[in-house]
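Summary of the model geometry
Here is how the chains run, residue by residue.
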Amino acid sequence: MATNPHKKQKIYNMNMLTKACSGIILLSILLFACKREELDIDKIAKSVELQRDIALPLIIGDILLTDLMGDDADSIITIESQTSFQDTIPLDLPDVVNDLSVKFLKLPYKIMNYMPVGANIMLLSYDSVSNRIIDTIKFAQSGIFLEAAEMDENGNVIEESVLPKIDSISVNTATAENIFKVATHLILDAKIIIKETDIIPVNDKQRIWIKLGLEAQAAYKTYIDFELE
Amino acid sequence: MKNSYTKTFATLLISGLSLIGFGQNNLMYYMGNLPQSYYLNPATQPVCNVFISAPLMNYNLSMLNSAISPSDFFWYDSSLDSVVNPFTSNASFNKFIDKFDKIEHATFQGGIDILSFGFRSNSMYFAFDISAHTQQRIEYPKSLVEFITKGNTNNSVYDLSGLNFQSLNYMQFALNISKSWGDIFSVGIRPKLIYGLAAIETQENDITLSTSTDEWQLNAHSATRIAVTGLNIPVDEDGLIDFEGDFEFDSTLFDSPSNIIRTMNKNRGFGLDIGAHFKPVDQLQFSASVLNLGYIKWADKPQSVLLDGEYTFSGAEFSTSDTTDAFENIFDTLRNSMSLSGNDKPFKTGFNPVIIAGGRVFLTQRIDVGLLSRTQFYNNYTDQDFILLANFRPLRAFSFSMSYSMLGRGYSTIGLGWSVKVGPFQSYFISEYNPFRYDRIMKGGEPYKFDITDGFGIPAVIPVDVYGFSIRAGFNLVIGCNRAKKLRQDKPMFNSTNWMF
């Protein structure tokens, strides 16, 4: 007996509908089964920590002996006491630094002394509000930091003989946090050291060349208190 | 702070779902009953002998944020037994930032068919369409995100060359011609004539920033090119765009149609899509297509701004003889170190070519499943996507398609599409990159719900690995779709293989 092709097609269509419905049900199950994890609101961490690094060159320049002498400069002078130079770096930091905890602060430097006298260098953190020096960061803990440069028979500095002083100062965290949170200025202080009364020929090549950088890591920490109904 | 997290969750959900989409809809690749399917493979011949799309009623819209999904903002950390976010700790932030690829991008694309129609002629199928397109894309390197969020470390180099922006707006006139050899083989070609409307694009970006405690060195070479058809862009004496000048359209532009055509012809481009289908046996089909070849040449009042220079910052300069603020001149020096110049030379903007290749298996007459590979090429990176497809045709007037695809970091999104035909009228809707996996938000051991009304709320969930969303919808007038009816006159339908497309 011959099969009716149209009847066969009808049965086939019904099978297709069954398959399509099964597919939709399967998809629905799959969708609901694809939950990754449960996030409990009561367990949401309230702490916030943002950590930032910074590495940058801070200052570069010369301290000229002729400028240190000011109007008193002459071709030959006698320095009878310590003479110092100060340059001020303003610290216009945003209020957010008050919540910073400094993890480390380094001050890498490269310094060359082209002066026929020794010198010491310090960094002072200064608060202009209370008009006080907060901390002193010494490049040398004792003695003379920069030895006097050698001079030739004419009294000129032998520049080739001057060796760079390259190192890095690790600032303790308390001092570092004072710099960020309290200080309004950093002051570079250079003092010429005279061991005994001496006659020093002065020219405009006699200088201290300073390059100072900064490398630090700090974290901003706070808490968010919230409640979800 | 009460309810602040409700708002945060809601904002993340909304922003996550709104930063969505991708250019062309992959799902319709094998939706042969949808005339627009030839957009993805010019060899595809629509089932219906004739189609006319409803003018201005067929559109596509897509958005994509390639880097982060809403679920990247909250996850459970078993070591802390807490739900953490990127800002909980430095470790959690590093985990968050590690999700970024070398170059990420955010894209918005939209298109509307102004007019399209097609018809079959024996083994050939001809289709013509006019459409308007807009594409906005910003690309950004991971190194820039790290520099902004984590700061810089000593002796580091940040390659910022991947920072690019493109805004491209154009009209497209396309002719699709395809030819089939029975059900076995078909090829198609789609040449396109393109008229640029507006473009802003950064090109030739080569920017690096080296940082150390010794010096910061910025090397920058970049070109930003701008053109708007018919718009006079004011420039200053150096040839640079004068943003305070008058941006005015050419007053003679609309004097006559010939003026419009002449002006539009200046910003003209060409495009090409090609494709093929091959069916070695009735149950198996292989396909491949190459799309988006071409360019637009912008010659109507183009402007380019070129940045070139090298700047080294070794520290704020001080001197005992100089009493000026040590930091005062840094930006002046930076400005002087960079040379800015402008010119009005014509320039070209390219499209982002796509290669789609794959195949499908016909399980029954009305169900087929397939796998596609979609590779899109950008200047600085390549997007690779794999898509599983399934097409159901339970009724002649209704078809339903699904896709399961990877976008971003995981296979976690599905696409859904349907088309319905009532008489000669067909409507369709395709939505892709819908969330497939999700995190459920709990409170007190119970699923948390956003209250809509008293006693009714929507379960709060965070979609996982959802980076984009794409929709296409429209209406067509289709005629001569029942090929089976015609063929039945020649042979029984259950032996026919014409359902393959």
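Predicted model, so just to flag it, every value in this text is computed and none were measured.

Definitions and cut-offs
Chains are numbered independently. Their residues run from 1 in the order of the written sequence. Following the order in which they are written, the chains are lettered starting with A and the ligands numbered starting with 1. It should be noted that, the model being predicted, local features are given only for residues of pLDDT at least 70 and side-chain atom pairs only at 80 or more, the latter also being counted only at that level, while totals for whole chains, interfaces and linings use all residues. Counting from the N terminus, the helices are DSSP H or I runs at least four residues long and the strands are E runs at least two residues long. Exposure in this text rests on C-beta crowding, where 20 or more other C-beta atoms within 10 Å of a residue's own make it buried, 12 or fewer make it exposed, and counts in between make it partly exposed. The C-beta atoms are placed from the backbone. By the convention adopted here, residues make contact when the C-beta atoms placed from their backbones lie within 7 Å. Only buried Ala, Val, Leu, Ile, Met, Phe, Trp, Tyr and Cys residues enter a nonpolar core, and they are joined through C-beta atoms within 7 Å. Strand pairing is assigned whenever DSSP detects at least two bridges linking the two strands. As a per-residue quantity, pLDDT reports the predictor's confidence and falls between 0 and 100.

**Comments concerning the overall build of chain B**
Helices and strands together make up the secondary structure of chain B, namely six helices and 30 strands. For chain B, the proportion of its 501 residues judged to be buried stands at 37%. Long-range contacts, defined here as pairs at least 24 residues apart, represent 65% of the contacts in chain B between residues at least 6 apart.

**With respect to the overall build of chain A**
Tallying secondary structure elements over chain A gives three helices and 11 strands in all. Counted from the first residue to the last, chain A has its helices and strands arranged as α-β-β-α-β-β-β-β-β-β-α-β-β-β. When the 229 residues of chain A are sorted by exposure, 24% land in the buried category.

**Looking at unusual backbone geometry**
All names here are of chain B. Non-glycine residue Asp-81 carries a positive phi angle of around 50°. Here Asp-81 lies in the loop between strand E3 (75–77) and strand E4 (82–84). Here Asp-81 falls in the exposed class, since 10 other C-beta atoms lie within 10 Å of it. Positive phi, close to 55°, is recorded for Asp-465, a residue that is not glycine. The residue Asp-465 is located in the loop between strand E29 (461–464) and strand E30 (468–479) in this model.

**Some points on the nonpolar core**
General note: in soluble globular proteins, nonpolar side chains tend to be found buried as a group. Within the largest apolar cluster, 39 residues are counted, with the highest numbers of intra-cluster contacts made by Ile-59, Met-115, Ala-119 and Ile-208 of chain A. When residues of this core are traced back to their parent elements, those giving at least two are strand E2 (47–64), strand E5 (100–113), strand E6 (118–127), helix H3 (173–181), strand E9 (185–193) and strand E11 (207–223) of chain A. No other element matches E5 of chain A, which puts six residues into this core. Residues contacting Ile-208 of chain A, with those up to four places away along its chain left out, are Asp-62, Ile-63, Ile-111, Asn-113, Met-115, Ala-119, Leu-146 and Ala-190 of chain A. Counting 20 residues, the second-largest nonpolar core is a separate cluster that includes Tyr-29, Ile-387, Leu-389 and Tyr-428 of chain B.

**Details of the pairing of strand E15 (residues 303–313) of chain B**
Residue and element names in this part refer to chain B. Relative to E15, strand E10 (residues 216–228) runs antiparallel, the two sharing 11 bridges. Bridge assignment links Leu-218 to a residue of E15, and that residue is Tyr-311. Where E15 and strand E17 (residues 338–343) come together, six bridges link them in antiparallel fashion. Along E17, the bridge assignment pairs Gly-309 with Met-338.

**Some thoughts on the environment of Pro-46 of chain B**
All names here are of chain B. Position of Pro-46 relative to the elements: it lies in the loop between helix H1 (4–18) and strand E1 (50–53). Taking the C-beta count within 10 Å as the criterion, Pro-46 has 27 such neighbours and is therefore assigned buried. With 81 residues separating them in the primary sequence, Pro-46 and Ala-127 have C-alpha atoms 9.6 Å apart. Every residue in contact with Pro-46, bar those within four places of it in the chain, is listed here: Gly-32, Pro-35, Tyr-38, Phe-51, Gly-118 and Tyr-125.

**Topic: the environment of Lys-421 of chain B**
All names here are of chain B. Within the secondary structure, Lys-421 sits in strand E23 (residues 410–422). The exposure class assigned to Lys-421 is buried, which follows from the 20 C-beta atoms found within 10 Å. With 25 residues separating them in the primary sequence, Lys-421 and Arg-396 have C-alpha atoms 8.2 Å apart. For Lys-421, the contacting residues outside a window of four places in its chain are Ala-397, Gln-426, Val-478 and Cys-481.

**Side note on the confidence of the model for chain B**
Residues and elements named next belong to chain B. Scored by pLDDT, chain B has a mean of 85; 87% of the residues are at 70 or more. Between residues 491–501, whose pLDDT stays under 50, and residues either more than four places distant or in other chains, the model counts 24 contacts. Our summary of model confidence lists the complex with pTM equal to 0.81 and ipTM equal to 0.77.

**With respect to the environment of Leu-389 of chain B**
Residues and elements named next belong to chain B. Along the chain, Leu-389 falls in strand E21 (residues 382–395). Here Leu-389 falls in the buried class, since 24 other C-beta atoms lie within 10 Å of it. The spacing of Leu-389 and Ser-431 is 42 residues in sequence and 13 Å in space, taken between C-alpha atoms. When near neighbours in sequence (up to four residues on either side) are disregarded, Leu-389 contacts Leu-27, Tyr-29, Tyr-30, Arg-360, Val-369, Gly-370, Leu-372, Ser-401 and Ser-403.

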